[in-house]
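What follows is the residue order along each chain.
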Amino acid sequence: MHFQDLNLIDPLLRAVRAEGYETPTPIQEQAIPHVLSGRDLIGCAQTGTGKTAAFALPILQHLAARPSNGAIRSLILSPTRELATQIGDSFAVYGRNLRLRTIVIYGGVGQQPQVDKLRRGADILVATPGRLLDLMNQGFVNLTRIEIFVLDEADRMLDMGFIHDVRRVISALPTRRQTLLFSATMPQDIQDLADRILVKPVRVEVTPQATTVEKIDQSVFFVEKKDKRALLEHLLGDRAIRRVLVFTRTKHGANKLVEQLFRSNIQAEAIHGNKSQTARERALANFKSGRTRVLVATDIAARGIDVDDVTHVINYDLPNEPESYVHRIGRTARAGASGIAFSFCDAEERAYLRDIEKLIRLRVPVVSEHPFAAAHAALPVHGDSRPNPRPFNQGRNDRRGGQPGSRQGGSPRRDQQHGGRTNVNRSPHHAEGRRSQPE
Ligand code: AMP
């Protein structure tokens, strides 16, 4: 299946091509034809599956068919500011060849700039529910012309206690509209909501992201910030790391790292938003051909990087958005392959690790023996120092021989096996205490 087979208009096809997407993801393949035909839809899919394009592309196509009339014609509700921003960015990217305007609004920041933008008018509004209601109540937002409404990450809305706000927003929408509901899971409350707000929806489902995540051999290295580069160079001593994507949080960090690696005779290139399109394409081509072994990327730049055979992903900095972790490590499990993901975690990033483990419902095994092990490794990640009810997979899948550094425990395990608690005290220090616990 190619994007051309989805009956998408040329400006959209050009945009996805420019992003480097070659084929639609399963959710896109399944959802786009239905959304284009005007059907309501329930999409069971997590972030990381390509679901944003699954709704953004057909929405853009629908809106582009008629000229803007100054009214908001599509509303996307997102539970978090980060996701709202990402969705807004995606609309900008996929809609780059169309003349449609997107506004993103969320709480926690001053409302005036958002109000100014709303006054100027837009076709698409991406919003978090609280701020949207606020602005609606003040008369700054008019939703009576909405043609397509998307409720994204519905289960997370519920978890975060936004469901009442969501209901209030929905009551302000015209009843004649197309509605799309995306949710990673389908608890009864969400099903009930879906029954109320959707009309004869089609249901599309893709294999949960967790399956992909589980396929990836993940581990975390507790390290001081100042030792990260030395640890990276140490790991890169292993030639089994053939093609590696290294993630930094900032563009500056990416540049600096490439320079430092260069001084140590390690062939690396950076790819980020400040590079020209040509420079990015060249870096990507070198990486694909194997000329560059290490590609250092930021999250935004890594969107659309679709290189098969990335043997490793290294999170040099942990992302503050747990979804980004899933996106990042997903780069090493393309085309059904399984991959390896290492994460460096300094003292300040421990909270990020906790959020990631909550999202993926896995505990990422800790590599405790490496030359740059940090003192903070001994601290509990989840602020819960109760002994773990069972030892963490001691000895299973131990890769001491094949990997620089040895790891406590084996492959990641699901939280549920621990009664839903996540407790990552897997340093030798804590393992002692657990060993005396019954299995
Ligand atoms: P999403 O689940 O929408 O957050 O998308 C996850 C990631 O996959 C994003 O970085 C997208 O840029 C990327 N992506 C979406 N569709 C495709 C595609 N068809 N091919 C390659 N990458 C894609």
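From a predicted model like this one, the values you see are computed outputs, not experimental measurements. (Residues numbered from 1 in each chain as written. Predicted model: local features only at pLDDT ≥ 70, side-chain atom pairs only at ≥ 80, totals over all residues. Heavy atoms only, no water.)

Asker: Can you help me understand the packing of aromatic side chains in this one?
Answerer: Each aromatic ring pair is summarised here by two numbers: the centre-to-centre distance and the angle between the ring planes. Scanning all chains against the criterion turns up seven aromatic pairs. Both rings, one in F55 and one in F91, keep their centres 6.3 Å apart while their planes meet at 45°; by these two values the pair is tilted. You can see F55 sitting in helix 3 (residues 51-64) and its partner F91 sitting in helix 4 (residues 81-94), a full 36 residues away along the chain. By relative accessible area, which is 0% here, F55 ends up buried. Residue classification places F91 among the buried positions, given a relative accessible area of 2%. Three or more aromatic residues joined by ring pairs form one cluster here, namely F221, Y316, F342 and F344. When the ring centre of Y316 is taken as reference, the NZ or CZ atom of K228 above it lies at 5.8 Å. Over the face of the ring belonging to F222 we find R350, whose NZ or CZ atom lies 4.9 Å from the ring centre. (Phe/Tyr/Trp six-rings, centres within 6.5 Å; stacked < 30°, edge-to-face > 60°. Helix = DSSP H or I, 4+ residues; strand = E, 2+ residues; numbered from the N terminus. Buried < 20%, exposed > 50% of the residue type's maximum accessible area, 1.4 Å probe, protein only. Lys NZ or Arg CZ within 6 Å of the ring centre and 35° of its normal.)

Asker: Can you walk me through the sheet that holds strand 3 (residues 102-105) in this structure?
Answerer: To summarise the sheet geometry, strands pair through backbone hydrogen bonds and adopt either a parallel or an antiparallel arrangement. Across the sheet, which stays open at both edges, the seven strands sit in the order 3-4-2-5-6-1-7 with parallel pairing between neighbours. Pairing within the sheet leaves two strands with one partner each, and these edge strands are strand 3 and strand 7 (202-205). Going across the sheet, the axis of each strand differs from the next one's by a mean of 15°, ignoring polarity. The sheet contact formed by strand 2 (residues 74-77) and strand 4 (residues 124-127) spans four bridges and is parallel. Paired with I76 across the two strands is V126, which belongs to strand 4. Lying on the sheet, helix 2 (residues 26-36) is in contact with strand 1 (41-44), strand 6 (178-183) and strand 7; it crosses strand 7 at an angle near 165°. (Pairing = 2+ DSSP bridges. Axes fitted to C-alpha atoms, helices over the stretch in contact; angles between N-to-C directions. Contact = heavy atoms within 4.5 Å.)

Asker: Explain the side chain of S78 here, please?
Answerer: By the secondary structure assignment, S78 is in the loop between strand 2 and helix 4. Polar contacts involving the side chain of S78 include one to the main-chain carbonyl oxygen of T80, which spans 2.9 Å. Look past the residues within four positions of S78 in its chain and what remains in contact with it is L83, A84, I87, A127, T128, P129, D152 and M157. (Polar contact = N/O pair within 3.5 Å; in protein donor to acceptor, adjacent residues only side chain to side chain.)

Asker: What's the story with the site of the ligand in this structure? I'm lost.
Answerer: Around the ligand sit 16 residues, and of these Y21, Q28, G48, G50 and T52 come closest. Starting from 490 Å² of accessible surface for the ligand in isolation, the protein chains cover 94%. Both domains that meet at the shell around the ligand, namely domain 1 (3-205) and domain 2 (216-400), each give it at least three residues. (Near = heavy atom within 4 Å. Areas by Shrake-Rupley, 256 points an atom, 1.4 Å probe, with all protein chains shown as cover. Domains from an automatic or database assignment.)

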